[in-house]
Amino acid sequence: GALTPTPVAAWCASRGGSIPVIRPENVNAADVSDHLRSLGADAWVVIAFGQKLGMDLRRGVLAVNLHASLLPRWRGAAPINAAVVAGDELTGNSVIALADRMDAGEVLGQTTRVIGDDLTAGELHDLLSGDGPSLVLDVLTRSRSGTLRPMMQDETWVTRARKLSRSDAWVDFTRPARECLRRVHGLTPWPGVSFLVGGSGPGDGMTELKVLRVQVAASMSEQASPGRMIGEATDGLVACGEKTVLRIVEVQPPGKRPMRWEEYARGARFAGPLAARSAITPPPGADAC
């Protein structure tokens, strides 16, 4: 099928072709590099671009990248997800100078955002996206006025956020409820975490639900088996490790719209005791993200 243009490309196209868009297979190819340098740009601004700009393109120009973390924490492909899953209280944007090593350039400016328990990675992405343009403009303005103060990254504080895949879409109910919450929210909307919900006995059918939002509920006085659903079906309470409880708040059944758990549970036909388990089993020794 046809490729979907990025928002930037679509915006340029809406201007009747007055703003050229280049889609190079290799941005560092000699003809592409020569063409770009002939434009006489004062700066290159790289945002979510899948290619690395080589030394020839970076020479003699301010070349910067907008990265969605407080570097040097969470270098890599999925910094927003990693920050939520790890339980970071604070994240933000960094504008850095492009360097030979990915995300390792000098920091030219940063903004910060608090990460609340109710915030998903998708919602945090949108907030950080809104913060990005003014930060980039501030860096470019300070560069022109000669007041830019680059700061080297401290390599001893580097953490890495690897690229995610569908195989990461698991949650381990033997862990405390707060860790489970961070994993669900940190992987929403993609790759997304699904729970198998339904009967807990042999042969009982279970339905796969994409879980969009959860809460930490009041802890139990006694430990129930992790993954056991407790209370009334409409409560959506799942026992987790260390006598903690997770509450399912919002789900999306296959082929249907997102809905509150209570709404789903009222329409579902549950038989016998209920249980929940991750639709994808955590691999042995799996890390947070």
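Details of the nonpolar core
And step 1. Core analysis: the largest hydrophobic core is formed by 27 residues, its most contacted members being F173, F195, M229, L246, I248, V251 and W261.
And step 2. Mapped by element, the contributors of at least two residues to this core are α6 (177-186), β7 (193-199), β8 (206-217), β11 (245-252), α7 (261-267) and β13 (274-278).
And step 3. If one sorts the elements of this core by residue count, α6 sits on top with 4 residues.
And step 4. Apart from the residues lying within four places of it in its own chain, the contact partners of F173 are C180, F195, P226, G227, V238, A239, C240, G241, L246, A276, R277 and S278.
And step 5. Counting residues in hydrophobic clusters, the runner-up holds 12 residues, among them A68, W74, A82 and I115.

Comments concerning the pairing of β7
And step 1. β7 sits mainly inside the fold: 7 of its 7 residues count as buried.
And step 2. The sheet contact formed by β7 and β8 spans 6 bridges and is antiparallel. Bridging from a neighbouring strand, L196 pairs with E208 of β8.
And step 3. As judged from the 5 bridges shared by β7 and β13, these two strands associate in the antiparallel manner. The residue of β13 that forms the bridge with V197 is A276.

Side note on unusual backbone geometry
For residues besides glycine, phi is generally negative; the peptide bonds are generally trans as well.
And step 1. For the bond running from L71 to P72, omega is 15 degrees, close enough to zero to count as cis.
And step 2. Summarising the element assignment, P72 is placed in the loop between β2 (62-67) and β3 (75-76).
And step 3. That bond from W190 to P191 is cis: its omega, 5 degrees, falls within 30 degrees of zero.
And step 4. Checked against the element boundaries, P191 lands in the loop between α6 and β7.
And step 5. Located in the positive-phi region is A48, a residue other than glycine, with phi close to 50 degrees.
And step 6. Here A48 lies in the loop between β1 (43-47) and α3 (55-58).
And step 7. The phi dihedral of K243 falls on the positive side, at around 60 degrees, and the residue is not glycine.

Section: the state of the cysteines
And step 1. Going through the model one piece at a time under the given rule, you end up with 0 disulfides.
And step 2. Not part of a disulfide, C180 finds its nearest cysteine sulfur in C240, a span of 4.1 Å.

Notes on the sheet that holds β2
And step 1. One open sheet accounts for 4 strands, arranged β1-β2-β4-β5; its pairing is mixed. At either end of the open sheet lies a strand with only one pairing partner, and these are β1 and β5 (107-114). Taken pair by pair, the neighbouring strands of this sheet meet at an average axis angle of 15 degrees, ignoring direction.
And step 2. With 5 bridges joining them, β1 and β2 adopt parallel strand pairing. Along β2, the bridge assignment pairs V45 with V64.
And step 3. Each of β1, β2, β4 (90-97) and β5 touches helix α5 (residues 121-145); the most contacted strand, β5, lies at about 150 degrees to it.

Analysis parameters
- Residues numbered from 1 in each chain as written.
- Predicted model: local features only at pLDDT ≥ 70, side-chain atom pairs only at ≥ 80, totals over all residues.
- Heavy atoms only, no water.
- Core = buried A, V, L, I, M, F, W, Y, C linked by side-chain atoms within 4.5 Å.
- Buried < 20%, exposed > 50% of the residue type's maximum accessible area, 1.4 Å probe, protein only.
- Helix = DSSP H or I, 4+ residues; strand = E, 2+ residues; numbered from the N terminus.
- Contact = heavy atoms within 4.5 Å.
- Pairing = 2+ DSSP bridges.
- Disulfide = S-S within 2.5 Å.
- Axes fitted to C-alpha atoms, helices over the stretch in contact; angles between N-to-C directions.

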